[in-house]
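Reading the structure
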Amino acid sequence: MMQKAVQMNEESAARTRVEMVMATIRQRIAGRSLTPGARLPSVRSLAASMKLSTSTVVDAYERLVAEGAILSRPGSGFYVANQAAPFALAEAGPKLDRAVDPFWISRQSLEADVSDLKPGCGWLPPSWLPGESMRRALRTLARADGPALADYGSPLGLPPLRQLISRRMGERGIEASPDQILLADSGTQAIDLLCRFLLEPGDTVLVDDPCYFNFHALLRAHRAKIVGVPYTPSGPDLERFAEVVAEHRPRLYITNSAIHNPTGATLSPVTAHRVLKLADQFDLTIIEDDIFADFEQTPAPRLAAFDGLERVIHIGSFSKTLSASARCGFVAAKPEWIDGLTDLKIATSFGGGRMTAELVLNALSDGSYRKHMETLRQRLARTMGEVSARLKGLGITPWLEPQAGMFLWCRLPDGIDATDVARAALEKRIVLAPGNAFSLSQSATNFMRFNVSQTLDPRVFEVLEDVLRKTAR
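Residues numbered from 1 in each chain as written. Predicted model: local features only at pLDDT ≥ 70, side-chain atom pairs only at ≥ 80, totals over all residues. Heavy atoms only, no water.

1. Notes on the sheet that holds strand β11 (residues 397–398)
If you trace the four strands from one edge of the open sheet to the other, you get β11-β12-β14-β13, paired in antiparallel fashion. Lying at the two open borders of the sheet, with one neighbouring strand each, are β11 and β13 (433–434). Pairing of β13 with strand β14 (residues 447–451) involves two bridges; the strand directions are antiparallel. The residue bridging Pro 434 from the neighbouring strand is Met 448, located in β14. (Pairing = 2+ DSSP bridges. Helix = DSSP H or I, 4+ residues; strand = E, 2+ residues; numbered from the N terminus.)

Here's what the structure looks like:
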């Protein structure tokens, strides 16, 4: 009996090793590091790198041949089948627990029922947005002439909206003519265009750790190598930043200016100047994501203002303050880059979304927008204090008290894993944002981001209290 049990354990272990090799090859194929027709590593080399026997690798390869994923060419080796599986973003990065996958929060938030609570999402409740202003803009657009409702927009985008954006940027010290501004369908599309324009597969990109989780997803879609640098209350850790850019020579650095996502931190002038000096020294291009600009009480330093759009590309959008349904963003860059980006925009989306641009222009030109933002900033400031106090009462401690915005980056009580809390809360129809979704190094296990505008319902705190108590046992 004992001998039979030992034999069964050995057979089970052998199957596990074979399945591990198969999973590794499938992941490489799905992530396009092994493309259709590419030769697989030799049996001996893969066995050596994975510290397995050659028979294990042979068994795994033969099973993949039977599946049709790879082909065997006697005397030559094994090759990826031409009918490879579609590119799978979830397979392109490191295999993470689904609860801390960069897509987890987005999917749960976007697919949530209207009755679900979403403290982990990244946008304001509809009732906090200028609904009446958008209705007036829609009525104005309905009376517009035919071209505004039916024609493609120009590749650069609606000229009056680009002029308005140029003036608004000037209020924050950034000089950019309307011809240096390209409209995009969103801030996300703006970054996607820039990655297409500036990156080749395998290029290194620097991000903050933690940072907005969709930066990770976008960069993986472009097959970039992602490197993180710790973020502090005044910006990236300068010592680590200098070490990382010297060692990895990244092509790009993508960051939030003003209100950082997820931490709510604000870039200091000293840090901004030092980052720009390092960027110049190591030929680094910076994408400055400024989508939270209108939430600021007092304008913070902008890298683009110090740099004059020489090494810095400035982007923004209106999804957070007007409407996520009216997707409209922009890129501001030096003229020679705008020309190339315009060609790329034509290639990937043809003309601009003129109707949405007209709608956004009407809403921003409405005299009520500035008043709305003043009221919204005051409301967020009050809510920030209320939510912060209630979270502290549960032992959830803010990393810092943000000067503005909607996010609180919080540390959970010692020994509590944010992923476990998020899973348990989801069973109660509450979507949370566990910290490791934002952390490339997976060092934010006991952190969580809270959107204060979505954290007011008493059920959030009741569920958190219950889950924390059960998780701590």
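Next comes the rest of the account.
2. So, a nonpolar patch on the surface
Where nonpolar side chains cluster on the molecular surface, the patch consists of Tyr 152, Ile 346 and Phe 350 and spans about 340 Å² of accessible area. Residue placement: Tyr 152 occurs in the loop between α7 (146–150) and α8 (159–170). The class of Tyr 152 is exposed, set by a relative accessible area of 60%. (Patch = residues over 30% accessible without salt bridge, like charges linked within 9 Å, V, L, I, M, F, W, Y side chains within 5 Å. Areas by Shrake-Rupley, 256 points an atom, 1.4 Å probe, with all protein chains shown as cover. Salt bridge = Lys/Arg side-chain N within 4 Å of Asp/Glu carboxyl O. Buried < 20%, exposed > 50% of the residue type's maximum accessible area, 1.4 Å probe, protein only.)

3. Concerning the packing of aromatic side chains
What the rule picks out here adds up to 12 aromatic pairs. Judged by centre distance (5.6 Å) and plane angle (85°), the rings of Phe 292 and Phe 407 are edge-to-face. Here Phe 407 lies in strand β12 (residues 407–411) and Phe 292 lies in the loop between β8 (285–289) and α13 (303–307), a separation of 115 residues in the sequence. With respect to burial, Phe 292 and Phe 407 carry one shared label: buried. The aromatic ring of Phe 461 is capped on one face by Arg 390, whose charged end is 4.1 Å from the ring centroid. Above the face of the Phe 407 ring, Arg 449 is positioned so that its terminal group lies 4.2 Å from the ring centre. (Phe/Tyr/Trp six-rings, centres within 6.5 Å; stacked < 30°, edge-to-face > 60°. Lys NZ or Arg CZ within 6 Å of the ring centre and 35° of its normal.)

4. Here we look at the nonpolar core
Of all hydrophobic cores here, the largest spans 94 residues; its most connected members are Leu 161, Phe 241, Leu 391, Val 421, Leu 432 and Phe 450. With seven residues, the top contributor of residues to this core is helix α16 (residues 368–393). The residue makeup of this core includes at least three contributed by each of domain 2 (94–127 + 369–472) and domain 3 (131–366). Setting aside residues up to four positions removed in sequence, Leu 391 forms contacts with Ile 396, Leu 408, Cys 410, Phe 450, Phe 461 and Leu 464. Judged by nonpolar contacts, the second largest core, of 29 residues, contains Leu 198, Leu 252, Val 331 and Leu 341. (Core = buried A, V, L, I, M, F, W, Y, C linked by side-chain atoms within 4.5 Å. Domains from an automatic or database assignment. Contact = heavy atoms within 4.5 Å.)

5. Focus on the packing of helix α9 (residues 187–198) against helix α14 (residues 335–349)
Interaxial distance between α9 and α14 falls to 10 Å at its minimum, and their mutual angle equals 110°. With respect to their mutual orientation, α9 and α14 come out roughly perpendicular. Where α9 approaches α14, its residues Gln 189, Leu 193, Leu 194, Arg 196, Phe 197 and Leu 198 are matched on the opposing element by Trp 337, Gly 340, Leu 341, Leu 344, Lys 345, Thr 348 and Ser 349. A class-by-class count of the residues in the contact of α9 with α14 yields seven nonpolar, four polar and two charged. (Axes fitted to C-alpha atoms, helices over the stretch in contact; angles between N-to-C directions. Parallel < 35°, antiparallel > 145°, perpendicular 65-115°, else oblique. Nonpolar A, V, L, I, M, F, W, Y, C, P; charged D, E, K, R; others polar.)

6. Considering the domain arrangement of the protein
Domains assigned within the protein are domain 1 (17–80), domain 2 (94–127 + 369–472) and domain 3 (131–366). Listed as interface residues are 33 residues of domain 2 and, on the opposing side, 35 residues of domain 3. In this assembly, domain 2 packs against domain 3 so that about 2,900 Å² is buried in total across both faces, 62% of it on carbon and sulfur atoms. The largest contributions to the domain 2 side of the interface with domain 3 come from Tyr 369, Phe 438 and Leu 440, which together make up 26% of the buried area. The interface formed by domain 2 and domain 3 includes one salt bridge. Here Arg 370 and Glu 171 are joined by a salt bridge, their closest N and O atoms 3.0 Å apart. Counting every contact that joins domain 2 to domain 3 gives 11 residue pairs in polar contact (both at pLDDT 80 or more). Taken together, the elements giving at least two residues each to the side of domain 2 that touches domain 3 come down to α5 (102–110), α16 and β12. (Buried area = accessible area lost by both parts, 1.4 Å probe. Polar contact = N/O pair within 3.5 Å; in protein donor to acceptor, adjacent residues only side chain to side chain.)

7. So, the pairing of strand β10 (residues 329–332)
On β10, burial covers both faces: Gly 329 and Val 331 on one face and Phe 330 and Ala 332 on the other are all buried. In this structure, strand β3 (residues 181–184) lies alongside β10, joined through four bridges in antiparallel fashion. The residue bridging Leu 183 from the neighbouring strand is Phe 330, located in β10.

8. Side note on the sheet that holds strand β6 (residues 235–236)
Each strand in a sheet pairs with another by means of backbone hydrogen bonds, the pair being arranged parallel or else antiparallel. Taken in spatial order, the eight strands of this open sheet run β3-β10-β9-β8-β7-β4-β5-β6, and their pairing is mixed. Two strands close off the open sheet at either side, each with one partner strand: β3 and β6. When strand β5 (residues 225–232) meets β6, the two strands line up antiparallel, connected through two bridges. Each bridged residue has a counterpart across the sheet, and for Thr 232 the counterpart in β6 is Gly 235. With respect to the sheet, α8 is in contact with β3, β9 (312–317) and β10, its orientation differing from that of β3 by roughly 115°.

9. Re the environment of Glu 288
Among the structural elements, Glu 288 can be located in strand β8. Distance in space between the C-alpha atoms of Glu 288 and Leu 117 is 31 Å, their sequence separation being 171 residues. In contact with Glu 288, other than residues within four places in its own chain, are Thr 255, Ser 257, Arg 302, Leu 303, Ala 304, Val 312, Ile 313, His 314 and Ile 315. A distance of 2.8 Å separates the side chain of Glu 288 from the side chain of His 314, its partner in a polar contact.

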